[in-house]
Amino acid sequence: MPAVNETPEPLEIGQLYSACDPSEFDFETTADLEPIELPVGQERAVGALQFAIRMAGDGYNVFAMGPPGLGKQAAAMELASQEAGRRPVPSDWVYVNDFVRPQRPRALPLPAGQGRALCQSMDQAVDDLQSALKASFESEDYRNRTEELEAELKERQSEALRTLGEEARRHGVALLHTPGGFAFAPLSDGGEVIAPDDFAKLPADERKRIQETIRELQEKLQALIRQFPVWAREARQRIKALNRETATYAVGHLIDALRTEYSELPRVIEYLDQVQADIIDKVALFVGMEEGEGPNFPRGSIEDPLQRYRVNLLVDNGGLEAAPVVYEELPSLANLVGRIEHEARMGALVTDFSHIKAGALHRANGGFLLLDARDLLLQPLAWEGLKRALRAGQIRIEEPERMLGLFSTVSLEPDRIPLDLKVVLLGERLLYYLMQELDPDFDELFKVAADFEESVDRDLSSAHVHARLCAAIVRRNNLRPVSRPAVSRFIEQCARIAEDGAKLTTRLGHLGELLREADHWAGEAGRDTVEPMDGDRAVEQQRYRAGRIHERVLEQIRRGILLIDIDGERVGQVNGLSVVELGHGRFGQPSRITARTRLGEGEVVDIERETELGGSIHSKGVLILSSFLGSHYSPEQPLSVSASLVFEQSYGMVEGDSASVAELCALLSSLSGLAIRQSLAVTGSVNQMGRVQAIGGVNEKIEGFFEVCREIGLTGEQGVVIPASNTKHLMLRQEVLDAVAAGKFRIYAVEHVDQAIALLTGVPAGEPDADGNYPVASVNGRVRARLRAYAEARRDFGARASSSSESVTDEQ
Amino acid sequence: MSSELPTPRRILLAFEDTQQVQKLLAEAVALAAERRAELAALLVEDENLVRLAALPFASEVLRGSGLERRLDQPTLVRQLGRRAERMRRLLEQAASARQVRTTWSVVRRQVALGTIEASGSAEVILMAARTSMSLATESPGRQGSGPVCVYFDGSEAAERALSLAQQLAAQQGVATVVVAPAAAPKIVESLRSGAASDPGGDQSLRVLTLAGEGLDQIAALASAEGARTLVLPMPLYEDAAATGDLPEADATMMIALVR
């Protein structure tokens, strides 16, 4: 680098692009490479993930943070799967009916695989019980005994009525059946009911006697009829006892078989005891329906009366060989903690234990659950539900409607299930810091952060690892093999994405997109392997697809609507550079920056800030300019200048300080009266000492100005001035490199604003002598002279104003 | 074993209001459909009841509650009319489904007398007596499928009765119980050997003997067997009715008389 007082030379072509030499690799295509699955350069993050995944204890859940495309999910999935392989397969869980409190279904754990077996056993038992009970209750013995009991009651009633009827007969009265009951009627000698006329002819005493007799008989009949329900109840009790005896005999051996099968599981045995008691109590459910023509309810329907004995298999880990690793794509509350479904029946919503559905927490219990933090936070109540489950160490199925008070019908409160799992949240850094800042529970529940790097140092080793990453992506996506030169081109592109020739991006999402699209273009061209031109085409096509606005901007500059000069000289006017990001599109755009100066009180007016179009960082950069002017040119007298700065034809937000070198140069041009070459554009920030500092998007900015020049016409005088510290970031496009190689475009790297102003004006900035004076003809000398003149004028103006004021006072 | 029963052109169903009237009507319609016979339904109302209602102090004790209620003739007649209409509709419903021709009439007589008088040319007479109190207990296995019981004394009417009994048993899918007088051992032997030697015969046919031949004994035995239908030769029933020895039938039992 030249000294700050020397005008720098343009950068060499080799400084503009850090190529990857294919000869450094010893493979022909990616088919020869061993793929690598874990992300590279992420030792810190991978270590944190491993620690959290293996660390026992509450709260050692982990937040894997970083921008999308770093392979966070793949790494977490891989590490969790490795650890899961060392852990036992967790229990199955089933929900069964609580026969005493059906609204509180009971959760039963079973060894993996036995949940399904219990389900099938109970289904079979229900079918078998139906047959066995029907057989018992249709047996000759049972029928005889019930008919005996019925006949006994019937006989008891009939006998009582017959006895009463005989007593009535003895008194010359008949017991008759009416449509609604019974009646007593006096009989004639012929055995028929006496006619009204004949009755009227009877002596009064006789009539009275008959009526009293009938009254007495009616009272006895009433007493008798009131006894009938009591007798019927007694008979029912005896039949019920018979039913229990019959059912116990029929059910016992079937349930005993199940007890033997599950003898190691006391909670299942307890459940089977309750099943047996309930079946005996509700035996009519089984024998009340004909086989094959019973109620045609689908199995699992809430209307199926035998549903109460079936088993709801909530979690079936029978097919697993290791602990589960679950990624839930839609982490709603219901998908996390499970849900209770309802059936519409007769206009009402009803439910039972069989309608409980598992959530991701159930499925991942005993293993690992991966969730996208943003998706989780976007789902109402989901984050709170997850926290509650982790804090309590158990899964409670919550119905959002009930939580919000929208649903007040009778529902279920299933047993809570103990929870033992690790949660891995995946998300961007901003989310992590916001959650940490705003949620007091977050640190307690997510004690580990795995911070993923966005780039790694570029060397031969990392280049080779990236080549293996390419091979992994190719294999995973079943793409064409990528040739060695094409791999080199992709690695160069990784450096470009990292915005640093000495780094390689770890955002594998971008690399994956490029590889897939290059594969597509190779296919279009009929090639079996992906070659460099396919990679170039993929990059070009991405830029083209996103380039509509960029092209409109270039068109407006070409047509003179957006005013950008790329030749000639102007005082107080310079080409600044900015980066526009819209969707997938990202391009550099030159902007005209102008400065005007006059006598004043030392303020530099940032018109962008005054109109609220400038961000705070931009304003900071402008304030630094004031400080630089004062300390550099006017340290011993007041800075008596008033300056204004503006981004011409800018109607949107201006943010960042990367234009501060350009703004300073425009101010110095205005103060010195020296014109600035419009063939150059400037980018870089500046500090109070005039040192030029690195900025972002240097490649896009250079390419943006190059494209404008190319559109209007390259003259060989054009170029861009960049901070020297950005030189290592250069990864310019081939057409820019070609133009530089042909001497049609130049890139200058500067360390100090003196170098920039010297390049722009063609006049040396000027070094101060021993007294601190600059050469008169130098830029700095001219600026200082102008500022002194302003200071003197201000002093004279102040003296005149003071004298005039005193004269007025004296006269008064 | 039994002579062929000529297809009757007319079946008489005589019944009072019973709790199982719907089932009774359905069975009678089924028999008539199978025999392609006309079904003459005869609802017998107790004439004594109407007389009682005319008495100034007449009242009834309600079956369900035991409460007493005044009984007057107009109300009773209206009740009987409504009940008759309801039963007629039930019969029409059952008959139209099987395309059986029916006639409907109501008489106010004693059941036995009314039936015999109205039987006319009917070759089969079905009778159902009034039920007593119902047994409203839960009895899951009860199917109500007792056997068909028939009295067989060797007469021609008894031959036809046996034939009908077997037909009804086959129709209902139940066993046949033949009751024969113990005093006629040849008849009993003939029945038993006939049942045993018939290779394609009904294995569920059982033969029981009865010491006496009174209708009350036959009815008691049928009741003890749990029979829902008792088939009798008509002369036997007529004799009993003439002497006033008609027994009180089982509540759920239907009597079929064969002329």
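Model, not experiment: these values are computed from the prediction.

Procedures and definitions
- Residues numbered from 1 in each chain as written.
- Chains lettered and ligands numbered in written order.
- Predicted model: local features only at pLDDT ≥ 70, side-chain atom pairs only at ≥ 80, totals over all residues.
- Heavy atoms only, no water.
- Helix = DSSP H or I, 4+ residues; strand = E, 2+ residues; numbered from the N terminus.
- Buried < 20%, exposed > 50% of the residue type's maximum accessible area, 1.4 Å probe, protein only.
- Contact = heavy atoms within 4.5 Å.
- Areas by Shrake-Rupley, 256 points an atom, 1.4 Å probe, with all protein chains shown as cover.
- Pairing = 2+ DSSP bridges.
- Axes fitted to C-alpha atoms, helices over the stretch in contact; angles between N-to-C directions.
- Expected span 1.5 Å × (residues − 1).
- Polar contact = N/O pair within 3.5 Å; in protein donor to acceptor, adjacent residues only side chain to side chain.

It is worth spelling out the overall build of chain A at this point. Secondary structure summary: chain A contains 27 helices and 29 strands in total. Within chain A, buried positions represent 49% of all 812 residues. Here the analysis covers contacts within chain A between residues at least 6 apart in sequence; of these, 77% occur between residues at least 24 apart. Surface accessibility of chain A: about 37600 Å² in total, with carbon and sulfur atoms responsible for 48%.

A word on the sheet that holds strand β2 (residues 92-96) of chain A. Residues and elements named next belong to chain A. Across the sheet, 3 strands lie side by side as β3-β2-β6; this open sheet has antiparallel pairing. Sheet topology places β3 (106-110) and β6 (312-315) at the edges, where each strand pairs with a single neighbour. This sheet shows a mean twist of 30 degrees between the axes of neighbouring strands, independent of strand direction. Of the pairings in the sheet, the one linking β2 to β3 comprises 5 bridges and is antiparallel in character. Along β3, the bridge assignment pairs Asp92 with Leu110. In this fold helix α3 (residues 114-137) packs onto β2, β3 and β6, with an angle of close to 30 degrees to the strand it touches most, β2. The strands touched by helix α7 (residues 266-281) within the sheet are β2 and β3, with β3 carrying the most contacts at an inclination of about 135 degrees.

This brings us to the pairing of strand β2 (residues 38-45) of chain B. Residue and element names in this part refer to chain B. Of all the 8 residues making up β2, 8 are buried; the element is thus mostly covered by neighbouring parts of the structure. Across the two faces of β2 the burial is the same, with Glu38, Ala40, Leu42 and Val44 and Leu39, Ala41, Leu43 and Glu45 all buried. One ladder, built from 6 bridges, connects strand β1 (residues 10-15) with β2; its direction is parallel. Bridge pairing in β2 links Arg10 to Glu38. As paired strands, β2 and strand β5 (residues 102-108) are joined by 7 bridges and run parallel to one another. Bridge assignment links Ala41 to a residue of β5, and that residue is Trp104.

Before going further, it helps to examine helix α3 (residues 73-98) of chain B. Residue and element names in this part refer to chain B. Look at α3: 38 Å from first C-alpha to last across 26 residues, which is about the 38 Å you get at 1.5 Å a residue. Looking at α3, one finds that the buried residues are Leu76, Gln79, Leu80, Arg83, Ala84, Met87, Leu91, Ala94 and Ala95. Looking one or two residues past α3, Gln99 carries a phi angle of roughly 55 degrees, positive in sign.

Further remarks concern the sheet that holds strand β28 (residues 719-723) of chain A. Residues and elements named next belong to chain A. Ordered by their spatial adjacency, 7 strands build an open sheet running β22-β23-β21-β20-β25-β28-β29, and the pairing between neighbours is mixed. Of all strands in the sheet, those with a lone pairing partner are β22 (603-606) and β29 (746-750), marking the two edges. Each neighbouring strand pair of the sheet contributes to a mean axis angle of 30 degrees, computed without reference to strand direction. Note: strand β25 (residues 680-682) against β28, 3 bridges, orientation parallel. The residue bridging Val682 from the neighbouring strand is Val721, located in β28.

So, about the side chain of Asn575 of chain A. All names here are of chain A. Along the chain, Asn575 falls in strand β20 (residues 573-582). Within the structure, the side chain of Asn575 is placed 2.9 Å from the backbone oxygen of Asp565, a separation counted as a polar contact. Here Asn575 is in contact with Ile564, Asp565, Ser591, Gln678, Leu680, Ala681, Val682 and Phe705, once residues within four sequence places are set aside.

All names here are of chain A. Among the 9 residues that make up helix α26 (residues 753-761), 9 are buried, leaving the element largely enclosed by the rest of the structure. Taken together, the buried positions of α26 are occupied by Val753, Asp754, Gln755, Ala756, Ile757, Ala758, Leu759, Leu760 and Thr761. Downstream of α26 by a residue or two, Gly762 has a phi angle that is positive, lying close to 75 degrees.

Function-wise, these values are silent; they only describe arrangement.
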